[in-house]
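# Report on the structure
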Amino acid sequence: MKKTIIWTSIALLAIIIFFYSSCTRIDAGHEGVLVRLYGSDKGVQDVSLVTGRVWYNPFTEDVHEFPVFVQTADYEPFTVNAKDGSVFTVDPTITYKVIAGHSPEIFQKYRKGIKEITTTTLYNYVRDAFRIQFNEFTTDSMISNRKGFESAVQAQLSAELTKEGFQLEQLTSGIVYPESITQAIDAKNRAVQQAMQVENELRVAEANARKLIVQAEAESRANQLRQQSLTPLLIQQQFIEKWDGKTPLYGNSPVMFKNVQ
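Quick look at the structure, then. Please read all numbers here as calculations on a predicted model, not as lab measurements.

## Here we look at the overall build of the protein chain
Along the backbone of the protein chain there are seven helices and 10 strands. Counting only residues that meet the buried cut, the protein chain has 26% of its 261 residues in that class. Contacts spanning at least 24 positions in sequence make up 68% of the contacts within the protein chain whose residues lie at least 6 apart. Accessible area for the protein chain stands at about 17900 Å²; split by element, carbon and sulfur atoms hold 55% of it.

Laid out in structure tokens, this is it:
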């Protein structure tokens, strides 16, 4: 009787363990992929499992979760050659997500989790996009049209990732120019700034010169007007107006008026 109870308890415990291990819950923001481990139908089922509780046979099947929310991958820098041979450093960062419903296709093709796919497959696509586009641009054209260059890289990378079941949200290139290019740009900027400074100084000097000319012309005109207005009659009138009543003396003999002519 005791042995029967023991074996019954063991059987019930095994059943409970089996059912517990045969159920999993797919978290929100994820897709579940059911994988057949044995038999002629082994592989990935054609259907993505929705978020929620999933029942499966742990002896012959497995369930993998794929996140479908936006993720960020910050890759290690690498170098790329431009069309004319200049070496640029790229330090890329991408934000992306798995296109809803494409998790089974991705797992069936790569048989890897999303982290490993991100660090290997997606990284290779990023490198290829920059390598191909740099081969289309010379150093001067890339620097003068960096926005167009980065748009071309993003368009190519987006098209490639879409084919693989991923959606590219954003790409940051983090391009670092060669040291010689950086020095040339700095020298050009300094020359432009110096030219602007000299031009500003010339404008100030010209303004000051025009100011002095205007002042001199104004002073000359004022002197001319004063000379024209100082007639002998006006001088005598001013003398009379300022006379203090005393007899003015000019020279040896007193005279009433001084000859101003």
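## Focus: the sheet that holds strand β9 (residues 93–98)
Pairing is antiparallel in the open sheet, where three strands are placed in the order β6-β9-β10. Strands at the two margins of the open sheet, each flanked by one partner only, are β6 (71–74) and β10 (166–172). Each strand axis lies, on average, 25° off the axis of its neighbour in the sheet, ignoring direction. Note: β9 against β10, six bridges, orientation antiparallel. Across the sheet, Lys97 pairs through a bridge with Gln167, a residue of β10. Taken strand by strand, helix α3 (residues 114–134) contacts β6, β9 and β10, and its axis lies near 125° from that of β9. In the packing of helix α5 (residues 146–163) onto the sheet, contacts are made with β9 and β10, and the angle to β10 comes to roughly 160°.

## Some thoughts on the pattern of salt bridges
Following the criterion strictly, the structure yields four salt bridges and no others. Lys109 is the salt-bridge partner of Glu164, the closest N and O atoms lying 2.8 Å from each other. One end of the pair, Glu164, is in the loop between α5 and β10; the other, Lys109, is in helix α2 (residues 103–110), with 55 residues separating them in the sequence. Note on Glu164: relative accessible area 12%, which makes it buried. Overall, Lys109 belongs to the exposed group, its relative accessible area being 52%.

## Brief notes about the packing of aromatic side chains
One pass over the full model with this rule turns up nine aromatic pairs. A centroid spacing of 5.0 Å and a plane angle of 40° characterise the contact between Tyr75 and Tyr123, whose relative ring orientation is tilted. Of this pair, Tyr75 sits in the loop between β6 and β7 (78–81) while Tyr123 sits in helix α3; the two residues are 48 residues apart in sequence, bridging distant segments of the chain. Among the residues examined, Tyr75 registers a relative accessible area of 8% and is labelled buried. Seen from their ring centres, Tyr96 and Phe166 are 6.0 Å apart, and the 70° between their planes marks the pair as edge-to-face. Here Tyr96, found in strand β9, pairs with Phe166, found in strand β10; they are 70 residues apart in sequence, far enough to count as distant.

## Focus on unusual backbone geometry
The backbone of Arg111 sits at a positive phi, close to 55°, despite the residue not being glycine. One can find Arg111 in the loop between α2 and α3. Taking the relative accessible area as the measure of exposure, Arg111 reaches 48% and is therefore partly exposed.

## So, the side chain of Thr118
Position of Thr118 relative to the elements: it lies in helix α3. For Thr118, a relative accessible area of 9% gives the class buried. Here Thr118 is in contact with Ala73, Tyr75, Tyr96 and Tyr123, once residues within four sequence places are set aside.

## Considering the nonpolar core
Formed by 34 residues in total, the largest nonpolar core has its most connected members in Ile94, Phe130, Phe134, Phe149, Leu157 and Phe166. Listing elements by their share of this core, those giving two or more residues are β2 (30–36), β7, β8 (87–90), β9, α2, α3, α5 and β10. Looking at this core element by element, the count peaks at eight residues for α3. Once residues within four sequence positions are removed from consideration, Leu157 is found in contact with Ile94, Tyr125, Val126, Ala129, Leu168 and Leu171.

How each quantity is defined
- Residues numbered from 1 in each chain as written.
- Predicted model: local features only at pLDDT ≥ 70, side-chain atom pairs only at ≥ 80, totals over all residues.
- Heavy atoms only, no water.
- Helix = DSSP H or I, 4+ residues; strand = E, 2+ residues; numbered from the N terminus.
- Buried < 20%, exposed > 50% of the residue type's maximum accessible area, 1.4 Å probe, protein only.
- Contact = heavy atoms within 4.5 Å.
- Areas by Shrake-Rupley, 256 points an atom, 1.4 Å probe, with all protein chains shown as cover.
- Pairing = 2+ DSSP bridges.
- Axes fitted to C-alpha atoms, helices over the stretch in contact; angles between N-to-C directions.
- Salt bridge = Lys/Arg side-chain N within 4 Å of Asp/Glu carboxyl O.
- Phe/Tyr/Trp six-rings, centres within 6.5 Å; stacked < 30°, edge-to-face > 60°.
- Core = buried A, V, L, I, M, F, W, Y, C linked by side-chain atoms within 4.5 Å.

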